[in-house]
Amino acid sequence: MMQTNAGPSGATADECDCRDGMRPDLPRRAFLGRTVGAGAGFLAASVGVAAAQEAAKAPPGAVLYDVPADPTKEMGRALLEDGGYGTRSQFETEVRIKEDNPTDTTSWTFTPLAAMLGNLTPSGLHFERHHGGIPTIDPTHHNLFVHGMVAEAKKFSMADLKALPSVTRKHFIECSGNTLTEWKGVTAKNVQRTHGLLSTSEWTGVLFSTLARAVNLDPQADWVLAEGADAAVMTRSIPMDKLMRDGMIVYGQNGEALRPEQGYPLRLLLPGYEGNTHIKWLRRLQVSDKPFMTREETSKYSDLYSDGRAKLFTLEMDPKSVITFPSGEMKLPKPGHYEITGFAWTGRGRVQAVDISTDGGKTWAPARLDTQPEPQCTVRFSFPWHWDGSEAVLQSRCWDETGARQLTRGDLIEMRGVNSVYHYNAIQSWAVDAAGEVTNVQV
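On a predicted model such as this, the values are computed, not experimentally measured, just so you know.

Undergrad: Could you give an account of the packing of aromatic side chains, with specific residues and numbers?
TA: What the rule picks out here adds up to 4 aromatic pairs. Taken together, a centroid distance of 5.0 Å and an interplanar angle of 80° make the contact between Trp183 and Tyr424 edge-to-face. Here Trp183 is found in the loop between β6 (167–174) and α5 (191–195), whereas its partner Tyr424 is found in the loop between α8 (409–416) and β23 (429–432), with 241 residues between them in sequence. Here Tyr424 falls in the buried class, since its relative accessible area comes to 4%. Note on Tyr301 and Tyr422: the rings are 5.0 Å apart at their centroids and 20° apart in plane angle, and the pair reads as stacked. Here Tyr301 is found in the loop between β13 (282–288) and β14 (303–304), whereas its partner Tyr422 is found in the loop between α8 and β23, with 121 residues between them in sequence. Residues Tyr301 and Tyr422 agree in their burial class; the two are buried.

Below, the structure written as structure tokens:
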């Protein structure tokens, strides 16, 4: 797939592997040329292998190795040279990118959605949102306290929690600020920036209902304050019925312990609820008969309407979808057959269906769901498309099992105005021009 754009590094690419969802400004072939060098070109210009490796840098999570001309002619490296944990290939370059905030301790990073395979996000690429940096916590000294309107307040160590019956379930987490830049107009250029505050993992932990039986809840208990052990001491009020229905206290993610940036050693998991409620580094659950009206649910994380009123506790994430290929900053090399792909999700249950439009919403056709719809879990969709070389506007819309539908931007603005920051779930539009360039537009 040919293109001649020069990326940020100044390198000119002769190929954009768009089938992998790669961005043209960071092509795989250009990366290989900059790091290991094809053949003798790179190494011949250096003073030796050590100098070449010092000059080059492996992608995060990888180790840089020499590339033999023929791997069948020499032995590979020995077992456990990686120390026993494992690394990814030096040819895989996807990373999270950071929002440009004044401080990196109260900021966020975006998942590279266009580069994902399947619908699970690698733990190392799961988006982040921090309010007081990432704490370092020794799990042997970490406890979870459950108290308040209970018959018997209890302290659970990590060993206590892991001794209880566990469950493992796949769920997405989406920041309520995902796509927030698009409320007042086109801002972000690619899908990592527009929708990258979304990730899906397989989570392992204990159901809140298991802890509830251990402490014997007061019949009048309706809310729980969840508190984290970070520098921000993050707190949110959670409805009791949600916690009893499917709330989880998780310590595992994708088959291993939580990453520190995802709440190690313990976090709250509320399937389908906005990300800010999934309190990381969880240390306390206080049971009450009313919400606690904390800063994070009054001054922040409330939805402001056009008349100045604020709606509190908008917790469930609405139906939403996005096309990840082709998407912003990509380029289609020539007319022909392409597979439109993307993600759909809803906090209300399962995704029921996804529709695709290639003419800006004038006509729609059903997409194929490529993964089995599960409760509060992303699904992959695809749609065969023949691009004839003329201008097109690509859109997707999601329906869930409750009958709720993803709204057009016009419908959303009419309903809520443009003073909101959170819960933007309007249909995303990608324009393809006659040259194959893909850009973010609003129609």
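Undergrad: Residues and numbers for the sheet that holds strand β1 (residues 97–98), please.
TA: Reading across from one edge, β1-β2-β3 is the order of the 3 strands in this open sheet, with antiparallel pairing throughout. Each edge of the sheet is formed by a strand with only one pairing partner; in this case those strands are β1 and β3 (128–129). Bridge analysis of β1 against strand β2 (residues 108–110) gives 2 bridges, and the strand direction is antiparallel. By the bridge assignment, Ile97 is partnered in β2 with Phe110.

Undergrad: Account for the pairing of strand β16 (residues 320–325), naming residues and giving values.
TA: Of all the 6 residues making up β16, 6 are buried; the element is thus mostly covered by neighbouring parts of the structure. Relative to strand β17 (residues 336–345), β16 is paired through 5 bridges, and the arrangement is antiparallel. Its bridge partner being in β17, Ile323 is matched across the sheet by Gly342.

Undergrad: I'd like a rundown of unusual backbone geometry, residues and numbers included.
TA: Along the chain, Tyr264 connects to Pro265 via a cis peptide bond; the corresponding omega equals 10°. For Pro265, the position within the fold is in the loop between β11 (256–257) and β12 (267–269). The omega angle of the peptide bond from Phe325 to Pro326 is -10°, so this bond is cis rather than trans. Here Pro326 shows up in the loop between β16 and β17. Of note in the backbone geometry, Trp281 takes a positive phi value of approximately 55° without being a glycine. Within the secondary structure, Trp281 sits in the loop between β12 and β13.

Undergrad: Could you give an account of α8, with specific residues and numbers?
TA: Arg409, Leu412 and Arg416 are the residues of α8 that are buried. In an axial view of α8, the angular spread of the buried residues amounts to 65°, which keeps them on one side of the axis. Those residues of α8 that are exposed and aimed more than 90 degrees away from the buried face are Glu414 and Met415. Check the buried side of α8 and you find it contacts β14. Immediately beyond the C-terminal end of α8, within one or two residues, lies Gly417, with a positive phi of roughly 75°.

Undergrad: So, empty space enclosed by the protein: which residues are in play, and what are the values?
TA: Applying the stated criterion across every chain yields a total of 3 cavities of 30 Å³ or more. Size it by volume and the largest cavity reaches roughly 240 Å³. Arg129, Arg267, Gly275, Asn276 and Lys280 are the residues nearest the centre of the largest cavity, which is lined by 19 residues in total. Split by residue class, the lining of the largest cavity holds 7 nonpolar, 7 polar and 5 charged.

Undergrad: Which residues make up the sheet that holds β23, and what values go with them?
TA: Pairing in this open sheet of 5 strands is antiparallel, and the strands run β19-β18-β22-β23-β24 from one edge to the other. The open sheet is flanked by β19 (365–366) and β24 (438–441), the only strands paired with a single partner. Sheet topology places β23 next to β24; 4 bridges connect them, and they run antiparallel. Residue pairing across strands places Val432 opposite Val438, the latter belonging to β24.

Undergrad: Pulling in residues and values, what's your account of the environment of Phe91?
TA: Inspection of the secondary structure assignment puts Phe91 in the loop between α3 (49–55) and β1. Sequence separation between Phe91 and Leu64 is 27 residues, and the spatial gap between their C-alpha atoms is 9.1 Å.

Undergrad: Tell me about the nonpolar core, and please be specific about residues and values.
TA: Residues Ile356, Trp385 and Val432 are the most contacted members of the largest nonpolar core, which totals 34 residues. Among the elements of the structure, β16, β17, β18 (351–357), β21 (379–387), β22 (392–400) and β23 are those that each provide at least two residues to this core. If sequence neighbours within four positions are ignored, Val432 has contacts with Leu332, Trp385, Trp387, Ser390, Glu391, Ala392, Leu394, Glu437 and Val438.

Undergrad: An account of the pattern of salt bridges is needed here, citing residue identities and associated values.
TA: Following the criterion strictly, the structure yields 22 salt bridges and no others. A salt bridge links Arg309 to Asp307; its shortest N-O distance comes to 2.6 Å. We note that Arg309, like Asp307, is exposed. Of the charged contacts, one joins Glu401 and Arg350 as a salt bridge, the two residues approaching to 3.9 Å between their closest N and O atoms. Residue Glu401 is found in the loop between β22 and α8, and its partner Arg350 is found in the loop between β17 and β18; the two are separated by 51 residues along the sequence. You can call Glu401 partly exposed: its relative accessible area is 40%. What makes Arg350 partly exposed here is its relative accessible area of 35%. Three or more residues joined by partner-sharing salt bridges are found here, namely Arg96, Glu128 and Glu261.

Undergrad: Any details on the pairing of β22? Residues and values, ideally.
TA: Among the 9 residues in β22, 8 count as buried, and that is most of the element. Relative to β23, β22 runs antiparallel, the two sharing 4 bridges. Opposite Leu394, over in β23, you have Trp430 as the bridge partner.

Reading guide: rules and limits
- Residues numbered from 1 in each chain as written.
- Predicted model: local features only at pLDDT ≥ 70, side-chain atom pairs only at ≥ 80, totals over all residues.
- Heavy atoms only, no water.
- Phe/Tyr/Trp six-rings, centres within 6.5 Å; stacked < 30°, edge-to-face > 60°.
- Helix = DSSP H or I, 4+ residues; strand = E, 2+ residues; numbered from the N terminus.
- Buried < 20%, exposed > 50% of the residue type's maximum accessible area, 1.4 Å probe, protein only.
- Pairing = 2+ DSSP bridges.
- Arc of directions from axis to C-beta.
- Contact = heavy atoms within 4.5 Å.
- 1 Å grid on protein atoms, 1.4 Å probe; cavity = no way out; pocket = protein on both sides within 12 Å on 5 of 7 lines; lining within 4 Å.
- Points joined across faces, edges and corners; volume = space filled by probe spheres on them.
- Nonpolar A, V, L, I, M, F, W, Y, C, P; charged D, E, K, R; others polar.
- Core = buried A, V, L, I, M, F, W, Y, C linked by side-chain atoms within 4.5 Å.
- Salt bridge = Lys/Arg side-chain N within 4 Å of Asp/Glu carboxyl O.

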